[in-house]
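Results of the structural survey
The lines below spell out each chain.
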Amino acid sequence: MYTDSERCVRAVRSKDARFDGWFFTAVLTTRIYCRPSCPAVPPKAENMTFYPSAAACQQAGFRACKRCRPDTSPGSPEWNARADTVARAMRLIQDGVVDREGVPGLAGRLGYSARQIERQLLAELGAGPLALARAQRAQTARVLIETTALPMAEVAFAAGFASIRAFNDTVREVFALAPSELRTRASRTSPASRASRTSRISGVVAAAGASGVTGGTRARDTRAPEHSAVPGAISLRLPFRTPLNPDNLFGHLVATAVPGVEEWRDGAYRRTLSLPYGHGIVALSPRPDHIACRLSLTDPRDLTLAISSCRRMLDLDADPVAVDEQLRTDPLLAPLVDKAPGRRVPRTVDAAEFAVRAVLGQQVSTAAARTHAARLVTAHGVPVDDPEGGLTHLFPAPEALAGLDPEALALPRTRRTTLITLIAALADGSLRLGTDSDWEQARERLIALPGFGPWTVSAIAMRALGDPDAFLPTDLGVRRAAERLGLPSTPGALTKRAAAWRPWRAYAVQYLWATDDHAINRLPV
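These numbers were taken from a predicted model, which means no experiment stands behind them.

With that settled, consider the environment of His372. For His372, the position within the fold is in helix α17 (residues 366-380). Among the residues examined, His372 registers a relative accessible area of 14% and is labelled buried. Each C-alpha atom, one on His372 and one on Leu409, is 8.3 Å from the other, the two residues being 37 residues apart in sequence. In contact with His372, not counting residues within four places along its chain, are Leu360, Ala410 and Leu411.

Structure follows, in structure tokens:
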């Protein structure tokens, strides 16, 4: 979009927050860059130039506006809707892969050379992987500076910087303030932060969502009062593009929660997280204009990945206006969209975990699937301490399940074979599920496994891989809803009708499921 200057100028003049993250406005006279919805008086058109990413602005010598904080804008929603190399690279960069493995590690995961990845990212985003990762490190540092009392040296290394000097230079260059000045400014701006150190920021890293779009409904405020800050915890806000309907989003996660790994407590969905440097516990609570997020991490270097995983699980980078506009073109779906717009696809923090749980849930009730998963967790999961609640374990990694005795599973023999085969493929790397997965390739490898039919493969594609167009025409709930609405109820005919819903069929599934009276559609109380 940034190449259409006339359209960008109109968006800036209208201060339309729907375009936050789609492009960035750089002001030639002041050498600052802004998000389209910046509340400042718009500059003259001849003084504006446009870039596709915050990293490209920084690389061109522009600093972030202190008023609208464009560095906290989301990445383009395109990264959710696409599965090409650039989109996969962006998701990996958001997960901190460049910081942990370098550009060669990023390229290796994608099956390209480092030079090819550099060329593709420069062509589309105006910045290479190092510049994109640097921009993300800067924002992660800002989160830690403003929301914790960590010493600056610890902040630097937790954010992914290799040295204190690189940390200081980058923060000064990007924000035009020294790290200590950023902390002082945050403390003065928000008096409550002096006591509780809670976050006042409106977004986090390149994966953050837009900080409020006019129009539509907002998430219903069902909260208990804000939690007090927990020693060592990081509290922040995860913004989203409105509207957002939290009912099916949190309802689904809680109704299918694995005991010991997930729970609903005090108005928050809580779960354990397996992370590269340790583990964590996250509490997520829906608010009218953001998701309240509190993270307790054993190692702050995992902050970037923890945040991006939570955003992905809650589908916070989606563009609900574009999705709902497309689905409203079907006259039978339009009333469902109008009744409760902004439904998201409940996803997962761990694709391998979801695949295992999908197999455990084949042809059984939700309660039975939870029981099967809880047994695996108790027997093979890593124990964790949770002073605030009832979480006890991390979900076991495929490597921990590789030696699983099939006879110990209270499952039909064919499903035991399916589960053991899946675990072996995940453990030896022949099946890769994650942000770097090629969706079509992953589907092909899943369908080749014994016991994997279209429903299981599509469910994994929708909730684990993040494919917004995954569709479940054989799902009983989808077929019942189709019949009630007067849509075709046979899989073939429904698939043909659903072609008009592309590329958002996964969201259509959420609206169809919502017609049923089931716990997955109700926000817990």
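Here we take up the sheet that holds strand β9 (residues 291-297). The strand order across the open sheet formed by five strands is β5-β9-β8-β7-β6, and the pairing between neighbours is antiparallel. Looking at which strands have only one partner, the edges of the open sheet turn out to be β5 (233-238) and β6 (262-265). Going across the sheet, the axis of each strand differs from the next one's by a mean of 25°, ignoring polarity. Set on the sheet, helix α12 (residues 246-255) makes contact with β6, β7 (268-275), β8 (278-286) and β9; between it and β8 the angle comes to about 140°.

Most peptide bonds take the trans configuration, and most residues that are not glycine carry a negative phi. Between Thr242 and the following residue, Pro243, the backbone shows a cis peptide bond with an omega angle of 0°. On the secondary structure map, Pro243 appears in the loop between β5 and α12. The backbone of Arg69 sits at a positive phi, close to 50°, despite the residue not being glycine. In this structure, Arg69 sits in the loop between β4 (63-64) and α3 (78-81).

Moving on to the packing of helix α16 (residues 351-360) against helix α21 (residues 454-463). With their axes 10 Å apart at the nearest point, α16 and α21 run at an angle of 150° to one another. As the angle between them shows, α16 and α21 are arranged roughly antiparallel. The crossing of α16 and α21 is right-handed. In this structure, α16 uses Phe354, Ala355 and Ala358 to contact α21, whose residues at the interface are Thr456, Ala459, Ile460 and Arg463. Residues of the contact of α16 with α21, tallied by class, amount to five nonpolar, one polar and one charged.

Turning to the nonpolar core, a few remarks are in order. Within the largest apolar cluster, 62 residues are counted, with the highest numbers of intra-cluster contacts made by Leu422, Leu433 and Trp501. Ranked by the residues each element gives to this core, the list is headed by α16, at eight residues. Ignoring any residue separated from it by four or fewer positions in sequence, one finds Leu433 in contact with Ala351, Ala355, Leu426, Ala442, Leu446, Ile460 and Leu465.

Within β8, seven of the nine residues are buried, which leaves it mostly tucked inside the rest of the structure. Alignment of β7 against β8, held across seven bridges, turns out to be antiparallel. The residue bridging Arg270 from the neighbouring strand is Ala283, located in β8. Hairpin connection from β7 to β8: two residues lie between these consecutive antiparallel strands. Judged from the seven bridges that link them, β8 and β9 form a sheet pairing that is antiparallel.

On to α17. Between its first and last C-alpha, α17 extends 21 Å over 15 residues, near the 21 Å set by a 1.5 Å rise per residue. Here the buried face of α17 lies against α16 and α18 (398-401).

Cut-offs and rules
- Residues numbered from 1 in each chain as written.
- Predicted model: local features only at pLDDT ≥ 70, side-chain atom pairs only at ≥ 80, totals over all residues.
- Heavy atoms only, no water.
- Helix = DSSP H or I, 4+ residues; strand = E, 2+ residues; numbered from the N terminus.
- Buried < 20%, exposed > 50% of the residue type's maximum accessible area, 1.4 Å probe, protein only.
- Contact = heavy atoms within 4.5 Å.
- Pairing = 2+ DSSP bridges.
- Axes fitted to C-alpha atoms, helices over the stretch in contact; angles between N-to-C directions.
- Parallel < 35°, antiparallel > 145°, perpendicular 65-115°, else oblique.
- Left-handed = near helix turned anticlockwise from the far one by under 90°.
- Nonpolar A, V, L, I, M, F, W, Y, C, P; charged D, E, K, R; others polar.
- Core = buried A, V, L, I, M, F, W, Y, C linked by side-chain atoms within 4.5 Å.
- Expected span 1.5 Å × (residues − 1).

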